[in-house]
Amino acid sequence: MITSNARGWATLGQEYEVTTWPPEKGGQFLIKRVQNGADLPSAQKLSEDMGGLPLALEMAGAYCSAHGLTLKRYAAMFERKLVQVFADPENAPREYHKHRSAAAAFELAMQPATSRHPAATDLLQYMSQLAPDPIPLLIFEEGAQQLPESFRSALAKGIDSAIRALGKFALVQRPGDDADEELAAADVDVVQLNRALRAIVPAKLQEADKETIRAYLIRVLAAVYPAPEWEINTAWDRARLLAPHVEHLLLTSLLPPGCEAVAADLLHRITQFLGQTPADLNKADKIIDRALELRRAAMPEDKARIADILGTKALLALTRDPGDTKGQAVKLAEEALAVVETAFGPNDRRLAMPLITLARVLRDKHDPSPAHIIPDPESLALATGHCERALNLLAAEDSLDRAHALSVYGRVLSRQKRLADARVALTQALEIYRRVCAKVHPAQGRNAVDMAEIMIREGAYEDARIMLDKARHIYAQDEDLQYGIVLCDSMEGWLEKARGRRDKAAECLKRALELAQKVHGPDHAKTKALETQIAWLDKPTVQIASGVSSTHLA
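Right, let's walk through the structure included here. Owing to the predicted nature of the structure, the values given are computational and were not obtained by experimental measurement.

What follows deals with the overall build of the protein chain. Summing up its helical and strand segments, the protein chain has 28 helices and three strands in all. Taking all 554 residues of the protein chain together, 50% fall into the buried category. In the protein chain, of all internal contacts separated by at least 6 residues, the share reaching a separation of at least 24 is 68%. Counting only carbon and sulfur atoms, one obtains 50% of the accessible surface of the protein chain, whose full area is about 26,000 Å².

As structure tokens, then:
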């Protein structure tokens, strides 16, 4: 048997490619190799940590045998000082190629990989600075323009061939058939960097080089991370895959100089793609505070961006405390408005969106009673005034901002039971979306649901059903809009309830709940709200006019 990375041995015998081992096989190998009574779970965990590389597992087994170590002890060393264990020849067993270290063995594998593709070395260096999570290749495909010229030129020869070159020598792996369901559902090409390389590759870089690579990666991620669209956040799968890498670069490492403004923008975007569980909200609070700190430090003159972050912070505060019992959400939204008004004056159109954010907070805050369905009339009156002021500032425009403002205005009017006025505002919003959007805008689906709610209150049940069908058609255009189907099913439940068909209503709400558990998760506020709505079906009357569906499913 000849083992070699060289080619051309086929004339002497049959070639077999040595691939990585699954944890079960690697664990069994380690137990047989060490023979010190190791338990299988520990061996499997170590095999998984080492990426299933037969070479690395053989060296681990040889090291344990030579030094009389248990696998658990070796695993602890691997966790604490991987580079020393893998790179120092003194740590290599005597019988293994005269103390050749595992790092040296990896370098031997990197050399032919680099010769196969000019981008291989750069890819390894850049991937080693990302999080130890699956790495979406779109980072280097769609973000290539943000990379240095030499790396960009090398990647132009094809990232797939670069990954194949690295994969042939087990330096990176693509997830197998046992990849998690969410990763498979995302339909995004990802790779996993071998864990040992995550320590070995950076150890050979100067600190200045690592800082430069991190700076490039931050700009790349800013180019590929999804941007939230007002109240509608799509591209959740992409955001979920990229978020660990953004957080790793911005929250666990020193920020490279000159990246403060980009980092603030990225952190702001992350908060808008987080869920609403207590853990998510705690995380969002810390991230949004860091975004605000960076923005104020890097570009204190950019008042509009600062106000935007403050507005998001206000909406997060309202999510945590729907009754806004401490007034924190309103205070933050008012601060955002004051920042812009002080900077640009009372008649600048840049005031429009802070006004709308304040109106949203006032619209959605409600009496913290057990039912959580009683809007505050005084708050609704203030929200109406803010919407009207924003619309006056945008009066000369035919823009998405004006359409968004009309949408919020329509919902405020609906809460005040001014149904005819609400219908006019929502109709105007829909007309603007149709004119200015190249394709159907997701907000059109929400407006259609709001219009259906008005029709239910007016007793126009068949018209409401037609409007819900239109909304469903809009939301069906993109899998990331499934939360809209939840909204439609919920509203249809209230339609059936209003018609006195409780069984049908329960069927619709349970369907909405089942989908919400998949889309939002079982602990999400919207999922819990649906559970509450199903419980309310047993009550003799339900006030659609209270806006409960809009409040909890917005």
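We now examine the packing of aromatic side chains. This model, assessed by the stated rule, comprises five aromatic pairs. Here Tyr 126 and Phe 151 contribute two aromatic rings whose centre-to-centre distance is 4.8 Å and whose plane-to-plane angle is 50°, an arrangement assigned as tilted. Taken together, the positions of Tyr 126 in helix H7 (residues 120-127) and Phe 151 in helix H9 (residues 149-155) put the pair 25 residues apart, joining distant regions of the chain. For Tyr 126, a relative accessible area of 5% gives the class buried. Judged by centre distance (6.2 Å) and plane angle (50°), the ring pair of Phe 140 and Phe 151 falls under tilted. Taken together, the residues span a long stretch of sequence, with Phe 140 in helix H8 (residues 138-142) and Phe 151 in helix H9 at a distance of eleven residues. Like Phe 151, Phe 140 is buried. The rings of Tyr 126, Phe 140 and Phe 151 are connected pair by pair, giving a single aromatic cluster. A cation over an aromatic ring shows up here: Arg 350 above the ring of Phe 344, its NZ or CZ 3.6 Å from the ring centre.

Two numbers describe how helix H23 (residues 442-458) lies on helix H25 (residues 482-498): the axes approach to 10 Å, and their chain directions differ by 5°. Put simply, H23 runs roughly parallel to H25. Facing H23, whose interface residues are Pro 442, Arg 446, Val 449, Glu 453 and Ile 456, H25 presents Tyr 483, Leu 487, Cys 488, Met 491, Leu 495 and Ala 498. Counted by class, the contact of H23 with H25 contains nine nonpolar, no polar and two charged residues.

Turning our eyes to something else, we now look at the pairing of strand S3 (residues 190-193). On any regular strand, side chains alternate: one points to one face of the sheet, the next to the other face. Where strand S1 (residues 135-136) lies against S3, two bridges are found, and the strand directions are antiparallel. Pairing of Ile 135 across the sheet is with Val 191, part of S3.

The subject of this paragraph is the sheet that holds S1. One open sheet holds the three strands; their spatial order is S1-S3-S2, and the pairing between them is antiparallel. Looking along the sheet, the strands with just one partner apiece sit at the ends: S1 and strand S2 (172-173). In the sheet, S2 pairs with S3 via two bridges, with the strands oriented antiparallel. Residue pairing in the sheet places Val 172 in a bridge with Leu 193 of S3.

Moving on to the pattern of salt bridges. This structure, assessed with the given rule, holds 33 salt bridges. Residue Glu 492 is joined to Arg 511 by a salt bridge in which the shortest nitrogen-to-oxygen separation is 3.4 Å. Here Glu 492 is found in helix H25, whereas its partner Arg 511 is found in helix H26 (residues 502-519), with 19 residues between them in sequence. Of the residues examined, Arg 511 reaches a relative accessible area of 33% and is grouped as partly exposed.

Further remarks concern the environment of His 268. As for its placement among the helices and strands, His 268 is situated in helix H15 (residues 260-271). Overall, His 268 belongs to the buried group, its relative accessible area being 7%. With 41 residues separating them along the chain, His 268 and Ala 227 place their C-alpha atoms 9.7 Å apart. When residues no more than four places from it in sequence are discounted, the contact partners of His 268 are Ile 288, Ala 291, Asp 308, Ile 309 and Thr 312.

This next bit is on unusual backbone geometry. If you check the backbone angles, Asp 324 has positive phi at about 45° while not being a glycine. By the element assignment, Asp 324 lies in the loop between helix H17 (303-320) and helix H18 (328-344). With relative accessibility at 6%, the residue Asp 324 sits in the buried group. Although it is not a glycine, Lys 417 adopts a positive phi angle of roughly 65°. Along the chain, the position of Lys 417 falls in the loop between helix H21 (400-415) and helix H22 (419-436). The class of Lys 417 is exposed, set by a relative accessible area of 60%.

Attention shifts here to the nonpolar core. Membership of the largest hydrophobic core comes to 136 residues, with the highest contact counts inside it found for Leu 123, Met 127, Phe 140 and Tyr 225. Not counting the four nearest positions on each side in its chain, Met 127 is found in contact with Ile 135, Phe 140, Ile 163, Val 172, Val 191, Leu 193 and Arg 198. Listed in part, the 14 residues of the second largest apolar core include Leu 46, Leu 53, Ala 60 and Leu 69.

Its twelve residues give H15 an end-to-end C-alpha distance of 17 Å, which sits within 8% of 16 Å, the value for a rise of 1.5 Å per residue. Among the residues making up H15, those that are buried are Ala 263, Ala 264, Leu 266, Leu 267, His 268, Arg 269, Ile 270 and Thr 271. Elements in contact with the buried residues of H15: helix H13 (207-224), helix H14 (236-251), helix H16 (278-298) and H17.

Attention shifts here to H17. Between the first and last C-alpha of H17 there are 26 Å, a value that for 18 residues agrees with the 26 Å anticipated at 1.5 Å per step. Residues of H17 that are buried include every one of Ile 306, Ala 307, Ile 309, Leu 310, Gly 311, Thr 312, Lys 313, Ala 314, Leu 316, Ala 317 and Leu 318, and no others. Looking at the buried positions of H17, the neighbouring elements they touch are H15, H16, H18 and helix H19 (352-364).

C-alpha of Asp 324 to C-alpha of Lys 365: the two residues are 41 residues apart in sequence and 6.2 Å apart in space. Of note is the side chain of Asp 324, whose polar atom sits 2.9 Å from the backbone nitrogen of Ala 329.

The next subject is the packing of helix H24 (residues 461-475) against H25. Any two packed helices are characterised by how steeply their axes cross, that is the angle between the axes, and by the distance between the axes. Close contact between H24 and H25 brings their axes to 9 Å; oriented N to C, the two are set at 170°. With respect to H25, the axis of H24 lies roughly antiparallel. On the side of H24, the interface is formed by Tyr 461, Ala 464, Arg 465, Leu 468, Ala 471, Arg 472 and Tyr 475, while H25 contributes Gly 484, Ile 485, Leu 487, Cys 488, Asp 489, Met 491, Glu 492, Leu 495, Glu 496 and Ala 498. Of the residues contributing to the contact of H24 with H25, the split by class is eleven nonpolar, one polar and five charged.

Definitions and cut-offs
Residues numbered from 1 in each chain as written. Predicted model: local features only at pLDDT ≥ 70, side-chain atom pairs only at ≥ 80, totals over all residues. Heavy atoms only, no water. Helix = DSSP H or I, 4+ residues; strand = E, 2+ residues; numbered from the N terminus. Buried < 20%, exposed > 50% of the residue type's maximum accessible area, 1.4 Å probe, protein only. Contact = heavy atoms within 4.5 Å. Areas by Shrake-Rupley, 256 points an atom, 1.4 Å probe, with all protein chains shown as cover. Phe/Tyr/Trp six-rings, centres within 6.5 Å; stacked < 30°, edge-to-face > 60°. Lys NZ or Arg CZ within 6 Å of the ring centre and 35° of its normal. Axes fitted to C-alpha atoms, helices over the stretch in contact; angles between N-to-C directions. Parallel < 35°, antiparallel > 145°, perpendicular 65-115°, else oblique. Nonpolar A, V, L, I, M, F, W, Y, C, P; charged D, E, K, R; others polar. Pairing = 2+ DSSP bridges. Salt bridge = Lys/Arg side-chain N within 4 Å of Asp/Glu carboxyl O. Core = buried A, V, L, I, M, F, W, Y, C linked by side-chain atoms within 4.5 Å. Expected span 1.5 Å × (residues − 1). Polar contact = N/O pair within 3.5 Å; in protein donor to acceptor, adjacent residues only side chain to side chain.

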